[in-house]
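Inside the fold
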Amino acid sequence: MDFSVIINELPLYFEGLLLTAQLVPFSLILGFLAAIPVAIMRLSRNPLVNYPAFAFTYFFRGTPLLVQLFLLYAGVGQLDGYSALTKEFDFLKGAYFFALLAFFFNTTAYTAEIFRGAMAETPFGEIEAAKACGMSKWMILRRITIPSALRRALPAYSNEVIFMLHGSALASTITLVDLTGAARIVQSRYYAPFEAFITAGVFYFVLTFLLVWAFRLIEKHFNKHLNRREETVIEVVT
Amino acid sequence: MKKFLVAAVAAAMTFTAGSASAQEELRIGVEGAYPPFSSVDPSGNLIGFDIEIANAICDEMKVKCTLVTQDWDGIIPALLAKKYDAIIASMSITEERKQKVDFSEKYYNTPARFLRKKDSGIEITAESLEGKSVGVQRGTIHDTFLTAEFPNVDIKRYGTQDEAYLDMTAGRVDLLLADSIAMDDGFVKTDAGKDYELFGPSYSEPKYFGDGAGIAVRKEDTDLRDRLSAAIKGIRANGVYKSINDKYFDFDIY
């Protein structure tokens, strides 16, 4: 293996890193915000509210991300009137918007299901206490159900974030030069698949490590009240 | 029963060994997504100039051929991994590729050109090309040429030429750069490509475009390489090449 070719191409990898570091956080932030209302809709007993949310999450969890990406990018590109529309809206021309859209839909669907599960498991005592204090339905949702559910959902959500990072590699299939796209260019330029993809792998590895570390801090911060204090543990033992 | 099985297996093995020595088998890597050189027809058969040349060369060498389709950006790695023994996929002979594989003599050579939409008004000048997006197939000589000679354009790299045509018709790229014949027959002459045209100069600098398209083999297979070169000469001499050439092109592309 000859990693000297990689040194010359490092700027390309950093260019790719920049794109990955845009696409993933953007889609995750948007997806997080959209997932909360979708999760609430999924908990509704009214079928008119529940079913659209169910259909959405069912579709986006039921099909591969690659299929969704191709449907949005290649599919929409073949529709009549698409090229006329690109003249009005320049952002529709590139692949960036479609990648962002596909990632956003996908992560919204998964995150909504994670949140729905966490909300459904809210201890009844918490809600009962809130009712006893005279809180309205919406206030309970805002002050008790959502914050409590988000805390409980953190470990599962951190998984979704890591999956999204790795799923973003698919952006390279629609001409975008993300980390994987950079690796594919290097691979085809030097016929050095090992060197090219190992380098991309190292970048993803570092990013994943940073995410895991960040989520540990976040969990520690938000779940402070659940951690047993040192003294308590000793008391139990003695 | 056991003895019988052993005997049957032994017999079968002698039989296959015997037939293998009677006719050597050669596996050839082709792309299958680069019309008119190599594509898959609606019923799933491989068709095109590369395919027919591959079959003609196998007949000339008197070997049995199996064609294996492989995406372009993995086509050399798969040769090195012995998924097949030779590549007949319009692969241009270049110095970079020669570091990994060996080539037969060329079997054709055509220039590269730009493709534009007929009413686009784009010209090949520094000002006109500034900021325009140009689609190219990733890892091709056209990619190398465009990257080095046109630093002001926004290069979009595609896995296959078909994807580049799709984005051209969707208006996502302003220009394409590829082999002139491949685009003429594979796109401009088709229904989808009727609003598009090749324009500008023909590019064939050997520095980028090499010495034409050859058959790639692993470096250690020098014997196979020489036999393939001889077979190309053979079909050139006996008229088989010409009859295939005339089916696809109006002029001799050798």
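Residues numbered from 1 in each chain as written. Chains lettered and ligands numbered in written order. Predicted model: local features only at pLDDT ≥ 70, side-chain atom pairs only at ≥ 80, totals over all residues. Heavy atoms only, no water.

Re the overall build of chain A
Looking only at helices and strands, chain A features 10 helices and 0 strands. Taken from N to C terminus, the helices and strands of chain A fall in the order α-α-α-α-α-α-α-α-α-α. Compactness check: chain A gives a C-alpha radius of gyration of 22 Å against a globular reference of 18 Å for 238 residues, more than 25% above the reference. Dimensions along the principal axes, computed over C-alpha positions, put chain A at roughly 65 × 55 × 25 Å. Here chain A holds 238 residues, and 42% of them are scored as buried. A separation of at least 24 residues holds for 77% of the contacts in chain A among residues at least 6 apart in sequence. (Helix = DSSP H or I, 4+ residues; strand = E, 2+ residues; numbered from the N terminus. Rg over C-alpha atoms; globule rule 2.2 N^0.38 Å. Buried < 20%, exposed > 50% of the residue type's maximum accessible area, 1.4 Å probe, protein only. Contact = heavy atoms within 4.5 Å.)

Quick look at unusual backbone geometry
All names here are of chain B. In this structure, Pro 36 follows Pro 35 across a cis peptide bond, with omega equal to 5°. Inspection of the secondary structure assignment puts Pro 36 in the loop between strand S2 (33-34) and strand S3 (38-40). Notably, Lys 62 is not glycine yet its phi reads approximately 55°, a positive angle. A residue is classified by how much of its surface remains accessible, and Lys 62, at 66% relative accessible area, is exposed. Notably, Lys 82 is not glycine yet its phi reads approximately 60°, a positive angle. Tracing the backbone shows Lys 82 in the loop between helix H3 (75-80) and strand S6 (86-92).

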